[in-house]
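Here is what each chain is made of, one letter per residue.
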Amino acid sequence: MSKEFIPVARPLIGSAERGAVDAVLRSGMLAQGREVASFEQEFGRDLLDGRAAVAVNSGTSALHLGLLAAGVGPGDEVVVPSFTFAATANAVALTGATPVFADIRREAYGIDPAHVATLIGERTRGIMPVHLYGHPADMAGLGWLAEQHGLDLYEDAAQAHGASLHGQLVGTFGRFAAFSLYPTKNMTSGEGGMVATGDAELARTVQLLRNQGMATQYANEIVGFNARMTDVHAAIGRVQLADLPERTEARRANAQFFDTNLTGVGLPAVADGVVHVYHQYTITIPEGRDGFAAALREEYAIGAGVYYPTPVHRLPAFSRDAELPNTEWAKDRVLSLPVHPALDDEDRERIVNAVNALAGAGA
Ligand SMILES: *Cc1c(COP(=O)(O)O)cnc(C)c1O
């Protein structure tokens, strides 16, 4: 048995990306330009059912600028899950608004609309679900709630490029959605993000905010950032976007192999009508998760990740009191196995054999 280490994530960069970057470098036009415009157009066409995409320099900027463009600011509250990456709540806090932390459901780890309902008050402006691990949140339940209370939905789709719910792509439900293009995500531009929206005014405001508030050079309309994507990054992203369908299929095939062959651990649930894109394949270990992960790494040379070990509301940056029992349940049990498209048949066998052996040993 080969003992080459299998990492939990591995970006796939090939000669097509290198060629595309080289062409941009040779052109001498490096900053936001034609490559970015083409990338936006293709991203909207392929992943957003024709909605507008506005490219920025990170997923965090996509969340932050999207919220600002939606008018979120001081005095507002936005309900977010605590079981997520801190960027979700950081983006809300950076607008001057207050993130309010909701619990998740144990199945598929999405924000729980029933708990969200108990947190809605006078100041609530919107709800920001996260399509965690590549599984869409319960957009029907949240949509109903948003409509009842006159709230906006903002989607954190950082982990869910191409996922869908009853045939509707994530990124097309909310007032806006934010995608990340970080190297470990389902597709990458190096660093980068996309704001997706069906609201032309919001799209224009994000375009202004990313570029010092300018649509025309030196005619600054509002106060803005430099959050532009470069043509170098867009060139990588365009190649990755073209390869995404094949890579998503590889992730789904790996997940199906695990679903069929893993024993003795909790398997990821998939809700009705969901196309899961498996940013992570996340099992649950009822007891001794950390020892299990250490044994996978040390005895079997298999990387596995805990996303995320500390609920965001308890991080020093937020330090909020909240009773979120399903969040606490999940953070002690989740373990994400390598599911990325760089796995070969031997890797998948090794992962199954190792997990089944450790689960059988009661590790
Ligand atoms: C990665 C991620 C982000 C932030 O994206 P960056 O591109 O790293 O800034 C936000 N939310 C979630 C859920 C993420 O996984």
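Residues numbered from 1 in each chain as written. Predicted model: local features only at pLDDT ≥ 70, side-chain atom pairs only at ≥ 80, totals over all residues. Heavy atoms only, no water.

Draft legend 1. Quick peek at empty space enclosed by the protein. All told, the structure shown has two cavities of 30 Å³ or more when counted by the stated rule. Taken as a whole, the largest cavity encloses approximately 50 Å³ of empty space. Residues of the lining of the largest cavity, tallied by class, amount to six nonpolar, four polar and no charged. Residue contributions to the lining of the largest cavity reach at least three from each of two domains, namely domain 1 (15-239) and domain 2 (245-361). For the second largest cavity, the calculated volume is near 30 Å³. Considering the residues around the second largest cavity, the lining is formed by Pro81, Phe83, Ile104, Tyr109, Gly110, Ile111, Val130 and Leu132. Taken together, the residues of the lining of the second largest cavity break down into seven nonpolar, one polar and no charged. (1 Å grid on protein atoms, 1.4 Å probe; cavity = no way out; pocket = protein on both sides within 12 Å on 5 of 7 lines; lining within 4 Å. Points joined across faces, edges and corners; volume = space filled by probe spheres on them. Nonpolar A, V, L, I, M, F, W, Y, C, P; charged D, E, K, R; others polar. Domains from an automatic or database assignment.)

Draft legend 2. How the structure looks around the packing of helix 3 (residues 59-69) against helix 4 (residues 87-94). Two numbers describe how helix 3 lies on helix 4: the axes approach to 9 Å, and their chain directions differ by 35 degrees. Helix 3 and helix 4 meet at a crossing whose hand is right-handed. Residues Thr60, Leu63, His64 and Leu67 of helix 3 form the contact with helix 4, whose own contacting residues are Ala87, Thr88, Ala91, Val92 and Leu94. Broken down by class, the residue content of the contact of helix 3 with helix 4 amounts to six nonpolar, three polar and no charged. (Axes fitted to C-alpha atoms, helices over the stretch in contact; angles between N-to-C directions. Helix = DSSP H or I, 4+ residues; strand = E, 2+ residues; numbered from the N terminus. Left-handed = near helix turned anticlockwise from the far one by under 90°. Contact = heavy atoms within 4.5 Å.)

Draft legend 3. Structural context of the packing of helix 1 (residues 15-27) against helix 8 (residues 231-261). In contact at an axis separation of 8 Å, helix 1 and helix 8 are set at 155 degrees when each is read in the N-to-C sense. Classified by the interaxial angle, the pair formed by helix 1 and helix 8 is roughly antiparallel. Considering how the two elements wind past one another, helix 1 and helix 8 form a crossing that is right-handed. The residues of helix 8 that touch helix 1, namely those facing Ala16, Glu17, Ala20, Val21, Val24 and Leu25, are Asp231, Val232, Ala235, Ile236, Val239, Gln240, Asp243 and Arg247. Its residues assigned to classes, the contact of helix 1 with helix 8 shows nine nonpolar, one polar and four charged. (Parallel < 35°, antiparallel > 145°, perpendicular 65-115°, else oblique.)

Draft legend 4. Broad picture of the sheet that holds strand 7 (residues 168-169). Taken in spatial order, the three strands make up an open sheet running 7-6-10, and their pairing is antiparallel. Unpaired on one side and paired on the other, strand 7 and strand 10 (274-275) mark the two borders of the sheet. Across two bridges, strand 6 (residues 164-165) lies against strand 10 in antiparallel orientation. In the strand pairing of strand 10, Ser164 is matched with Val275. (Pairing = 2+ DSSP bridges.)

Draft legend 5. Fine view of the pairing of strand 4 (residues 124-127). Two strands pair when backbone bridges link them, and strand 2 (residues 77-81) and strand 4 are joined in this way by three bridges, in the parallel orientation. Among the inter-strand pairings, Val79 is bridged to a residue of strand 4, identified as Ile127. Of the strand pairs in this sheet, strand 4 and strand 5 (residues 152-156) are connected by two bridges, and their pairing is parallel. Residue pairing for strand 5: Ile127 is matched across the bridge by Leu153. Since strand 4 and strand 5 lie parallel, the crossover through helix 6 (residues 139-149) that links them has a hand, and here it is right-handed. (Right-handed = clockwise from strand over helix to strand, strands pointing away.)

Draft legend 6. Structural context of helix 7 (residues 200-210). Inspection of helix 7 places Leu202, Ala203, Val206, Leu208, Leu209 and Arg210 among the buried residues, and these make up the whole buried set. Contacts from the buried residues of helix 7 go to helix 2 (34-47), strand 1 (52-56), helix 3, strand 8 (176-180) and strand 9 (193-197). Near the N-terminus of helix 7, the side chain that reaches the backbone nitrogen of Glu201, with its oxygen 3.0 Å away, is that of Asp199. (Buried < 20%, exposed > 50% of the residue type's maximum accessible area, 1.4 Å probe, protein only. Polar contact = N/O pair within 3.5 Å; in protein donor to acceptor, adjacent residues only side chain to side chain.)

Draft legend 7. Spotlight on the site of the ligand. Among the 16 residues in the neighbourhood of the ligand, the closest are listed as Gly59, Thr60, Asp156, Ser180 and Lys185. Between Gln159 and the ligand, the recorded distance is 2.8 Å, taken from a side-chain N or O atom to an oxygen atom. More than half of the atoms of the ligand fall within 2 Å of the grid points belonging to the largest pocket. Taken together, the elements giving at least two residues each to the shell around the ligand come down to helix 3 and helix 4. (Near = heavy atom within 4 Å. Sits in = over half its atoms within 2 Å of the grid points.)

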